[in-house]
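Overview (structure and organization)
So you can see what is in the structure, the chains are spelled out below.
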Amino acid sequence: PDAIKQELFIRRIAEKFKLRESMLLTELQKIIGTERRKENQLAVREENRRAAQEQVEEVSLHQTVMAEPTSAELTLLGAFIEDTETAYRAIVEMDFDLSLVRHEIVRAIIHKCIVLFEDSGSSPSVNALLDEFEEDPVALHLISTAAAKRVAISSEWVDSELSDAELREHIRLASYQSASLLSKGAWEKQLTSVKQRLAGDIDESELHSLLEQSIQLSKRIDETRSIQARLQQ
């Protein structure tokens, strides 16, 4: 209550119960002070909780951004840096969805390889890629690492006297296999989600749709397994 209402309230209570106004005022101030302290404590707790949550989200975001690429993603990236044309033709042939490359920087580098190839008609050089990503240290590291492995692998291939056609076939198979692994992983996650929904309470129309999705996903996964088995022979 404001000051005037507070004074009238204390006076009425004092008269009714034959108490001193000064004593009532002291007790009221204690109560008000306690309530304010509780409010302040709750506000501080809420602020601390919010700050802690923001810190957790920031750490989670940092970990997501800095997560290491999978081996399949690195293999596909290496194939594109080694020979963009061959790698590109391989993923187009299998109708690979580039969004399945979850590592954003790896996906950006592969996409840039494709753009540069389509613009010039030839596979981009490592230096051209380094120039494109000169302000991104993570991208530079990935490109440099892939290029270093390319030099080592190329040296082995030269020593084994493989023909250019055989080298391109190695790159094509590496692209195909890594893209197949990425596709299979994504479809298996989708299938798990569909099965979980099928186990729930659903109507007949949704049941029909989910069963159809389940069959299609299972078929795609089996096809991918067949491709991987052929590539490993």
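Structure: see above.
Residues numbered from 1 in each chain as written. Predicted model: local features only at pLDDT ≥ 70, side-chain atom pairs only at ≥ 80, totals over all residues. Heavy atoms only, no water.

Points about the packing of aromatic side chains
What counts is decided by this rule: Two aromatic rings from Phe, Tyr or Trp, using only the six-membered ring of Trp, form a pair when their centres are within 6.5 Å; if the ring planes differ by under 30 degrees the pair is stacked, by over 60 it is edge-to-face, and anything between is tilted. Helix and strand definitions here come from DSSP, where helices need a minimum of 4 consecutive H or I residues and strands a minimum of 2 consecutive E residues; each element is numbered from the N-terminal end. Three exposure classes are used, based on accessible area relative to the maximum for each residue type with a 1.4 Å probe and protein chains only: buried under 20%, partly exposed in between, and exposed over 50%. Charge-over-ring placement is defined geometrically: NZ (Lys) or CZ (Arg) within 6 Å of the ring centre, and within 35 degrees of the ring normal.
By the definition in use, this model includes one aromatic pair. The interplanar angle of 85 degrees and the centroid separation of 6.0 Å between the aromatic rings of Tyr88 and Phe117 together place this pair among those described as edge-to-face. On the criterion of sequence distance, the pair formed by Tyr88 in helix α4 (residues 84-93) and Phe117 in helix α5 (residues 104-120) is long-range, its members being 29 residues apart. Exposure class is identical for Tyr88 and Phe117. Each is buried. One cation-aromatic arrangement involves Arg172 over Tyr176; the distance from NZ or CZ to the ring centre is 5.8 Å.

A closer look at the packing of α4 against helix α8 (residues 164-198)
Which entries qualify depends on this criterion: Only the stretch in contact is used when a helix axis is fitted, and all axes are lines through C-alpha atoms; the angle between N-to-C directions ranges over 0 to 180 degrees. Here the word oblique covers every angle except those under 35 degrees (roughly parallel), over 145 (roughly antiparallel) and from 65 to 115 (roughly perpendicular). Crossings are classed by handedness, with left-handed meaning an anticlockwise turn of the near helix from the far one by less than a right angle and right-handed meaning a clockwise turn. Here a residue-residue contact requires only that any non-hydrogen atoms of the pair lie within 4.5 Å. Charged residues are taken to be Asp, Glu, Lys and Arg, nonpolar residues to be Ala, Val, Leu, Ile, Met, Phe, Trp, Tyr, Cys and Pro, and polar residues to be all remaining types, Gly included.
Put simply, α4 and α8 touch, their axes get as near as 8 Å, and they point 45 degrees apart. On the basis of the axis angle, α4 is oblique to α8. Crossing of α4 against α8: the hand is right-handed. Residue-level inspection shows Thr86, Ala87, Ala90, Ile91 and Glu93 of α4 in contact with α8, the latter providing Arg168, Ile171, Arg172, Ser175, Tyr176 and Ala179. Residue composition of the contact of α4 with α8, by class: six nonpolar, two polar and three charged.

Some points on the packing of helix α3 (residues 71-82) against α5
For any two helices packed against each other, one specifies the crossing angle of their axes together with the interaxial distance. Where α3 contacts α5, the two axes come as close as 10 Å, and the packing angle between them is 25 degrees. Put simply, α3 runs roughly parallel to α5. Regarding α3 and α5, the two cross each other, and that crossing is left-handed. Judged by residue contacts, Glu73, Leu76, Leu77 and Phe80 of α3 engage Val106, Ile109, Ile110, Cys113 and Ile114 from α5.

Things to note about the side chain of Ser175
In this structure, Ser175 sits in helix α8. The contacts of Ser175, once residues within four sequence positions are left out, are Leu76, Ala79, Ala87 and Ala90.

Things to note about the pattern of salt bridges
Stated precisely, the cut-off is as follows: Salt bridges, as used here, are contacts in which a Lys or Arg side-chain nitrogen is within 4 Å of a carboxyl oxygen on Asp or Glu.
Under the counting rule described, the total for this entry stands at five salt bridges. Of the charged contacts in the structure, one is a salt bridge between Glu85 and Arg89, with a shortest N-O distance of 3.0 Å. With Glu85 and Arg89 both in helix α4 and four residues apart, the pair spans about one turn of that helix. We note a salt bridge from Lys112 to Glu132, for which the minimum N-O separation is 3.6 Å. Separated by 20 residues along the polypeptide, Lys112 in helix α5 and Glu132 in helix α6 (residues 126-132) bring together distant segments of the chain. The class of Lys112 is partly exposed, set by a relative accessible area of 24%. Residue classification places Glu132 among the partly exposed residues on the basis of a relative accessible area of 40%.

Observations regarding the nonpolar core
For the record, the criterion: We define a nonpolar core as any set of buried Ala, Val, Leu, Ile, Met, Phe, Trp, Tyr and Cys residues linked to one another through side-chain atoms lying within 4.5 Å.
Judged by nonpolar contacts, the single largest core of 36 residues is most densely connected at Leu76, Phe80, Phe96, Ile109 and Ile110. Breaking this core down by element, the ones donating at least two residues are α3, α4, α5, α6, α7 (137-159) and α8. Top element by residues in this core is α5. It accounts for eight residues. With residues up to four places along the chain from it excluded, the contact list for Leu76 reads Ile91, Phe96, Val101, Ile110, Ser175, Ser178 and Leu182. Counting residues in each nonpolar core, the second largest holds six residues, with Leu191, Val194, Leu210 and Leu217 among its members.

Details of unusual backbone geometry
Residue Asp95 is not a glycine yet carries a positive backbone phi of 55 degrees. Here Asp95 lies in the loop between α4 and α5.

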